Amino acid sequence: IAIYRQAGFPESDMQKLTFDTDDGRDPRTKKAMERYVEKFRDFKSEGKGLVLFGPCGTGKTFAAACVVNALIDQGRPCLMTNFSRVANTLSGTFDKQEYLDSLNAYDLIVLDDLGAERSTSYMTEVVYNIIDARYRAGLPMIITTNLSGNDLLHPRDIAEQRVFNRILERCFPLEVRGPDRRQDTIRRDYGPMKRALGLGEK
């Protein structure tokens, strides 16, 4: 399990994101994520995943990481990454298809922050190939994005349509709502700095 956790989180700080550390501000999403873990055997056999969408800072990445940690605790190999990281790996890989196929060794893959990658024809093709490889293997994925539900339902072009159609065919769309936790963190962490600089009340 320790090996799975290290391999599953290129960003090690996410290894600490679990349901037990949830702040309780979005019980709806937490319950849905816990249910996904409970029923993962069935979802895996059906190749069913989730697309978590909504504004920045509402906890989409946290929710997805909780699922990955819970499944790793069960002894399931999972990976949490993003499209840019996979693209960087692909660019330095001789056999790109072999690398994409290797991702299918994971019971679940989380692809974080769809839409944040550079908008180039190369990157669009990379995103499509990642999604398509998982789609064809019939394996589940969780995708997080700051795109809106309307964005997902109404792609801007054929390239987006190819990607979004495959995602929505296999991934249930779940809107993650709530306060912007990043703004809360910024306000909390800036307090001591403001006082140290003499910009706030002592």
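No experiment lies behind these values; they were computed from the predicted model shown.

Cut-offs applied
- Residues numbered from 1 in each chain as written.
- Predicted model: local features only at pLDDT ≥ 70, side-chain atom pairs only at ≥ 80, totals over all residues.
- Heavy atoms only, no water.
- Helix = DSSP H or I, 4+ residues; strand = E, 2+ residues; numbered from the N terminus.
- Rg over C-alpha atoms; globule rule 2.2 N^0.38 Å.
- Buried < 20%, exposed > 50% of the residue type's maximum accessible area, 1.4 Å probe, protein only.
- Areas by Shrake-Rupley, 256 points an atom, 1.4 Å probe, with all protein chains shown as cover.
- Core = buried A, V, L, I, M, F, W, Y, C linked by side-chain atoms within 4.5 Å.
- Contact = heavy atoms within 4.5 Å.
- Pairing = 2+ DSSP bridges.
- Axes fitted to C-alpha atoms, helices over the stretch in contact; angles between N-to-C directions.
- Salt bridge = Lys/Arg side-chain N within 4 Å of Asp/Glu carboxyl O.

The next subject is the overall build of the chain. For the chain, the helix and strand inventory stands at ten helices and five strands. Relative to the globule expectation of 17 Å for 202 residues, the C-alpha radius of gyration of the chain, 18 Å, shows essentially globular dimensions. Taken over the C-alpha atoms alone, the chain extends approximately 60 × 40 × 35 Å along its principal axes. Residues classed as buried in the chain amount to 42% of the 202 residues present. When the accessible surface of the chain is summed, it comes to about 11400 Å², and 51% of that surface belongs to carbon and sulfur atoms.

Across soluble globular proteins, nonpolar side chains show a tendency to be buried alongside one another. Residues Phe-83, Leu-111, Ile-131, Ile-143 and Ile-167 are the most contacted members of the largest nonpolar core, which totals 27 residues. When residues of this core are traced back to their parent elements, those giving at least two are β1 (49-53), α5 (83-91), α6 (96-102), β3 (108-114), α7 (121-137), β4 (141-145) and α9 (158-170). Examining the composition of this core, we find that seven residues originate from one element, α7, more than from any other. The contacts of Ile-167, once residues within four sequence positions are left out, are Val-51, Leu-114, Ile-131 and Ile-143.

Looking now at the sheet that holds β1. Either a parallel or an antiparallel arrangement is found when strands of a sheet pair, and the pairing is made through backbone hydrogen bonds. Reading across the sheet, the five strands line up as β2-β3-β4-β1-β5 and stay open at both edges, with parallel pairing between neighbours. Edge positions in the sheet fall to β2 (78-82) and β5 (171-175), since each has one partner strand and no second. The mean angle between the axes of side-by-side strands here comes to 15 degrees, regardless of whether they run parallel or antiparallel. Helix-sheet contacts for α7 involve β3 and β4, and the interaxial angle to β3 is about 155 degrees.

In terms of burial, β4 is largely enclosed, as five of its five residues are buried. Side chains Met-141, Ile-143 and Thr-145 of β4 all project onto a buried face; the interleaved residues Ile-142 and Thr-144 project onto the opposite face, where all are buried too. Both β1 and β4 contribute to a ladder of four bridges, which runs parallel. Residue Leu-52 lies in a different strand from β4, and its bridge partner there is Thr-144. Pairing geometry for β3 and β4, over four bridges, is parallel. Bridging across to β4, Ile-109 finds its partner in Met-141.

Take the side chain of Thr-61 next. Mapped onto the fold, Thr-61 is located in helix α4 (residues 60-73). What makes Thr-61 buried here is its relative accessible area of 18%. In this structure Thr-61 touches Met-14, Met-80, Asp-112 and Thr-144, once residues within four positions along its chain are discounted.

So, about the pattern of salt bridges. This structure, assessed with the given rule, holds eight salt bridges. The partner of Arg-76 in a salt bridge is Asp-107, with the nearest N and O atoms 3.0 Å apart. On the criterion of sequence distance, the pair formed by Arg-76 in the loop between α4 and β2 and Asp-107 in the loop between α6 and β3 is long-range, its members being 31 residues apart. Residue Asp-107 is classed as buried on the basis of its relative accessible area, which comes to 13%. Between Glu-175 and Arg-177 there is a salt bridge whose closest N-O contact spans 3.8 Å. Here Glu-175 falls in the partly exposed class, since its relative accessible area comes to 33%.

Before going further, it helps to examine unusual backbone geometry. Despite not being glycine, Asp-113 shows a phi value in the positive range, around 70 degrees. Assignment of secondary structure puts Asp-113 in strand β3. A residue is classified by how much of its surface remains accessible, and Asp-113, at 31% relative accessible area, is partly exposed.

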